[in-house]
Amino acid sequence: MDMNQYLDIFIEESKEHLQNMNQLLLELETSPDNLDLLNEIFRIAHTLKGMSGTMGFNKIASLTHEMENVLQLIRNKEIPVTEYIIDVLFECFDTLEEYINKLVNTGDEGDLDPSPLITKLCNIMDNKNSVEKQKNNAAKDEEKNDKTDEDNFSIETEDITKNVICKANEQGFKAFKIKVHLNPNCMLKSARAFIVFNTLEKFGEIIKSKPTAEEIEDEKFDTSFEIIYLTKLNKSAIENEILNISEIANVMISQIKLENIPKSSNKKDTETKGLQNEFVKQEKAKNNQNKNLKLKTSKTVRVDIDRLDNLMNLVSELIIIKTRLEDIEDSKTKQNMIEAVEYLERITTSLHDAVMKVRMVPIERVFNRFPRMVRDLSKELGKDISLYMTGEETEVDRTVIDEIGDPLIHLIRNSIDHGIEGPNERRKLNKPETGTVSLRAYPDGNNVVIEVQDDGKGIVVEDIKAKAISRNLITKDAADNMNDQELINLLFKPGFSTADKISDISGRGVGLDVVKTKIESLGGLVEVHSELNKGTKFIIRLPLTLAIIQALMVMVGDEKYALPLNSIKEITTIKSKDIRKVQNQEVVLYRNNTLPILRMNNILKVNLDLEDKDEIIVVVVKKGDKMAGLVVDDLIGQQEIVIKSLGKYLSGIKIIAGATILGNGQIALIVDPNSLF
Amino acid sequence: MASQEYVLFKLEDEYYGIDINNVETIEKIMPITRVPYTQDFVKGVINLRGNVVPVIDLRKRLNLEEKPYDDNSRIIIVQIDDITVGMIVDSSSEVIQLNHDEIDESPSINIDNDDYFIECIGKKDNRIIIIINLHKVLNINNLLND
């Protein structure tokens, strides 16, 4: 059968599962006793095994299978969670991820051999098997003592069951609690359980089972289940009957003594209550988790991004047509037409919003790979580092998600490698030994802001100066004239790397300029603030949407240009006689600030020399805390525009962010004010 | 070898040809929006059914004298290496087939020159047809090196 059509789904789902697994493993590391986490990881390994088995990816299947075995042992408390085991599990995770990546690229799981890892996993199991044997022996000893054995069972005997047992006892039946462990490799667990049920029902009656019969039927249990069983047979006969069924690992049986049931001693009562309470808590937690998972799955639909793009394009076309309708002179005289166009506008706006929302993904998708990275790096470098993340739920466009990962990785690596000092140094500086890297995301107007902050040594401005001069990036004179912030901004120059020694963590020759280029290509900007010995903060500002923006349409000469509204601070007029020249730069005193004046006709090379007017229209644009006034010839108005790329052939024109198609079919260029600073 | 089809167009008095596989459509002249900071032969961008497509003036590119566009002027939309570009030519109305024996190697020795754009020479019905190398005409190699 051709599996190719399922490959995409397989990859998507595997990625999702792996992401979950990564997160769970990290949590498990901090709380190794959390059974819910283990169960979840186990479930994921199991799902992956099933999926990859079906797809014929045997390496993934065999690796997940062994992982499952180890996890099973941990779950049954036969081996404790050690750091080593978690490391091995992480290695498994890495290998699995590698397989999936290989699949994405080649459609094949590749030649990577899983056997070293499988051996490691087997070793863990072997080591523990000896422990397990001892435990089993101990368990056998305990079996003689029914009372202690009781604690091995989680199945409860409530009043109704007790009554049934009482009546049965009168008729000469004995009640047993039976715990059946299936072989962990058992393929059809529910069928096996069914055989056990059938066999037992020949000789007596099953009055209760845990999990319930329905759950067992749905395979909603691990490898063991418990039942309360009424029979005239004795204990060893039951045991024999059950062990005769294949794929049964072991059986524990204890008789329920009636006197234990109605009147148990107070102590025992409180004990069981406590146990029950705990059990109920666990159960509740599990239920909650299940609920969460179910909620998620029922709410999402997997959609190809191309389809969304297509939908987006159609919405764009609709908006263009709407603008065109607004422009028709004739319609302005007809009241009905105006109303209709207004209504259309409302709908297109909502439609646009809705489509945009569909494309939005919580930034969590990028963030959740960082805890692992920070963990590995801090181990590697011997620095104790904790990562705080907030605002993972902040939503950004899918295209941004795909692109923002690498720059963020770069910044975090930088913070950890260069920013945060070693533990000794930190102690000397009276700082907590554990370094902190915080990652914050929050929406801010039409932007999303991501901050990467560390409490490390900060940026040493003098170092930058020296390095920039030694690399011939600037002259010494120029450097002396620069203020700290300007010097810090040199970090973003190509060919700049402050790392004193090249490490494989960050000093790879590509510096922050790559980060900056990437973020700017997404229409965003990056700033850095640093305080010596207190830390460094990188602030990334990204537009929420990439495709449709509000813009101010202006005339420069006889050409129409669009200025993104979110970078416009205000529009004003100034008298041309107020313009002064400072170092060849035109400025004007505006609200007690000097405002640099940029003449758009020069910048855009419009071949039209207009005579100097007394009053000129200035659009004040801002980038961070910097401002500039753009001189335009006329204002047309605010308009929703669809950004189209100029294409590969004309890429790299800095001040043009793209083009847009106007209602009359003409193209207007979009000026990127950020490039003017 | 099988014959190959070429889209024929005219600049001044010469006939030129482009491999038909690179040609998307041929359009009449339409409004062009100027784009600053581009190479001088780039005229700007056009709206090709909702897509923004750059347009170059082939006369200017080939160092011929510029002349105003008229009713015969055409924009040949070509696609090469995922790049779509329109080329303005004096006129275009023909597709011809050239057999292998109707194609000569280009006559020049100076092949490595960046401005040398002739792929080969076609001969048919007493006409000489200059088959152009789109990579070189569009200056794509330089573009990607930037």
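Residues numbered from 1 in each chain as written. Chains lettered and ligands numbered in written order. Predicted model: local features only at pLDDT ≥ 70, side-chain atom pairs only at ≥ 80, totals over all residues.

**Q** Report on the overall build of chain B, specifying residues and quantitative values.
**A** The helix and strand tally for chain B stands at 3 helices and 11 strands. Scanning chain B from its N terminus toward the C terminus, one meets helices and strands in the order β-β-β-β-β-α-β-β-β-β-β-β-α-α. Counting all 146 residues of chain B, 32% fall into the buried class. (Helix = DSSP H or I, 4+ residues; strand = E, 2+ residues; numbered from the N terminus. Buried ≥ 20, exposed ≤ 12 C-beta atoms within 10 Å, placed from the backbone.)

**Q** Could you give me a rundown of the overall build of chain A, with the residues and numbers involved?
**A** A count of helices and strands for chain A gives 22 helices and 22 strands. A sequence separation of at least 24 residues applies to 68% of the contacts in chain A between residues at least 6 apart. (Contact = placed C-beta atoms within 7 Å.)

**Q** Residue-level account of the sheet that holds strand β7 (residues 83-89) of chain B, with values.
**A** Residues and elements named next belong to chain B. Overall, mixed pairing links the 5 strands, which are arranged β3-β6-β7-β5-β4 in an open sheet. Both edges of this open sheet fall to β3 (23-28) and β4 (42-48), since each of them pairs with a single strand only. This sheet shows a mean twist of 30° between the axes of neighbouring strands, independent of strand direction. Bridge count between β4 and strand β5 (residues 51-57): 6 bridges; the pairing is antiparallel. Its bridge partner lying in β5, N47 is registered against V52. (Pairing = 2+ DSSP bridges. Axes fitted to C-alpha atoms, helices over the stretch in contact; angles between N-to-C directions.)

**Q** Tell me about the sheet that holds strand β2 (residues 14-19) of chain B, residues and numbers included.
**A** All names here are of chain B. Reading across the sheet, the 6 strands line up as β8-β1-β2-β11-β10-β9 and stay open at both edges, with mixed pairing between neighbours. The open sheet terminates on both sides in strands that have one partner only, identified here as β8 (91-98) and β9 (103-105). This sheet shows a mean twist of 35° between the axes of neighbouring strands, independent of strand direction. Two elements, β2 and strand β11 (residues 127-132), share 3 bridges in a ladder whose sense is parallel. Note on β11: the bridge partner recorded for G17 is I131.

**Q** Go over helix α2 (residues 35-55) of chain A, please, and point to the residues and values.
**A** Residues and elements named next belong to chain A. Over its 21 residues, α2 runs 30 Å from end to end, which matches the ideal 30 Å to within 8%, given 1.5 Å per residue. Looking only at α2, the buried set comprises L37, E40, I41, I44, A45, L48, S52 and M55. The buried residues of α2 occupy an angular sector of 135° when the element is viewed end-on, so they sit on one face. One or two residues past the end of α2 sits G56, with phi positive at roughly 85°. (Expected span 1.5 Å × (residues − 1). Arc of directions from axis to C-beta.)

**Q** Describe the packing of helix α16 (residues 398-419) of chain A against helix α21 (residues 512-521) of chain A, naming the residues involved and giving the relevant values.
**A** Residue and element names in this part refer to chain A. At a minimum axis distance of 10 Å, the contact between α16 and α21 shows a crossing angle of 150°. With respect to their mutual orientation, α16 and α21 come out roughly antiparallel. Note on packing geometry: the crossing formed by α16 with α21 is left-handed. For the pair α16 and α21, the contacting residues are E403, D406, P407, H410 and L411 in the first and V515, K518 and I519 in the second. Residue composition of the contact of α16 with α21, grouped by class: 4 nonpolar, 1 polar and 3 charged. (Parallel < 35°, antiparallel > 145°, perpendicular 65-115°, else oblique. Left-handed = near helix turned anticlockwise from the far one by under 90°. Nonpolar A, V, L, I, M, F, W, Y, C, P; charged D, E, K, R; others polar.)

**Q** Outline the environment of A:K622, supporting the account with residue identities and numerical values.
**A** Residue and element names in this part refer to chain A. Mapped onto the elements, K622 comes out in strand β18 (residues 615-623). The sequence separation of K622 and N674 amounts to 52 residues, and the corresponding C-alpha distance is 7.9 Å. If near-sequence neighbours (up to four positions away) are discounted, K622 is found in contact with S567, K569 and M627.

**Q** Residue-level account of unusual backbone geometry, with values.
**A** All names here are of chain A. We note that R591 has phi near 50°; this positive angle belongs to a residue other than glycine. As for its position among the elements, R591 is in the loop between β16 (585-590) and β17 (593-599). Judged by the 9 C-beta atoms lying within 10 Å of it, R591 is exposed.

**Q** I'd like to hear about the nonpolar core, residue by residue, with values.
**A** Of all hydrophobic cores here, the largest spans 74 residues; its most connected members are A:I670, B:V45, B:I76 and B:M87. No other element matches strand β12 (residues 548-556) of chain A, which puts 6 residues into this core. Mapping this core onto the domain boundaries places at least three of its residues in each of domain 3 (305-361) and domain 5 (548-676) of chain A. When sequence neighbours within four positions are dropped, the list of residues in contact with B:M87 reads B:I56, B:L58, B:I75, B:I76 and B:V78. (Core = buried A, V, L, I, M, F, W, Y, C linked by C-beta atoms within 7 Å. Domains from an automatic or database assignment.)

**Q** Before we move on, can you summarise the interface of chain A and chain B with the specific residues and values?
**A** Opposite the 20 residues of chain A that make contact, chain B presents 19 residues. Looking at the side of chain A that touches chain B, the elements that each hand over two or more residues are β21 (656-661) and β22 (667-671) of chain A. Looking at side-chain class alone, the side of chain A that touches chain B contains 11 nonpolar, 4 polar and 5 charged residues.

**Q** Which residues make up the confidence of the model for chain A, and what are the values?
**A** A residue-level look at chain A finds 83% of positions with pLDDT of 70 or above and a mean pLDDT of 76. With pLDDT under 50 throughout, residues 289-298 of chain A is counted as low confidence; its partners more than four residues away or in other chains account for 1 contact. (pLDDT = per-residue confidence, 0-100.)

**Q** Any chance you could break down the environment of A:I474 for me, citing the residues and the numbers?
**A** Residue and element names in this part refer to chain A. Tracing the sequence through the fold places I474 in the loop between α18 (461-470) and α19 (476-481). Each C-alpha atom of the pair I474 and L490 lies 9.1 Å from the other, and the pair is 16 residues apart in sequence. Residues contacting I474, with those up to four places away along its chain left out, are A468, I469, A479 and L490.

**Q** Run through the pairing of strand β1 (residues 174-182) of chain A, naming residues and quoting values.
**A** Residue and element names in this part refer to chain A. Counting buried positions along β1 yields 7 of 9 residues, so the element is predominantly enclosed. Bridge count for β1 against strand β3 (residues 224-231) is 8 bridges, and the pairing is antiparallel. Each residue of the ladder has a partner; that of H181, found in β3, is S224. Two elements, β1 and strand β4 (residues 248-255), share 7 bridges in a ladder whose sense is antiparallel. Looking at β4, one finds that I178 is bridged to I253.

**Q** An account of the packing of helix α3 (residues 58-75) of chain A against helix α4 (residues 83-106) of chain A is needed here, citing residue identities and associated values.
**A** All names here are of chain A. Between α3 and α4, the shortest axis-to-axis distance is 11 Å and the interhelical angle comes to 160°. With respect to each other, α3 and α4 are oriented roughly antiparallel. You can see that α3 and α4 cross each other, and the crossing is left-handed. Taking contact as the criterion, the partners of K59, I60, L63 and M67 in α3 are, on α4, L89, C92, T95, L96 and Y99. Along the lines of polarity and charge, the residues of the contact of α3 with α4 split into 7 nonpolar, 1 polar and 1 charged.

**Q** If you had to explain the pairing of β12(A) to someone new, which residues and values would you point to?
**A** All names here are of chain A. As judged from the 8 bridges shared by β12 and strand β20 (residues 634-642), these two strands associate in the antiparallel manner. For L552, the partnering residue across the bridge sits in β20 and is Q638. Here 6 bridges tie β12 to strand β13 (residues 559-564), and the two strands are oriented antiparallel to one another. Within β13, the position partnered with M555 by the bridge is K560. Between β12 and β13, which pair antiparallel and follow one another directly, the connecting turn spans 2 residues, one of which, G557, has a positive phi of 65°.

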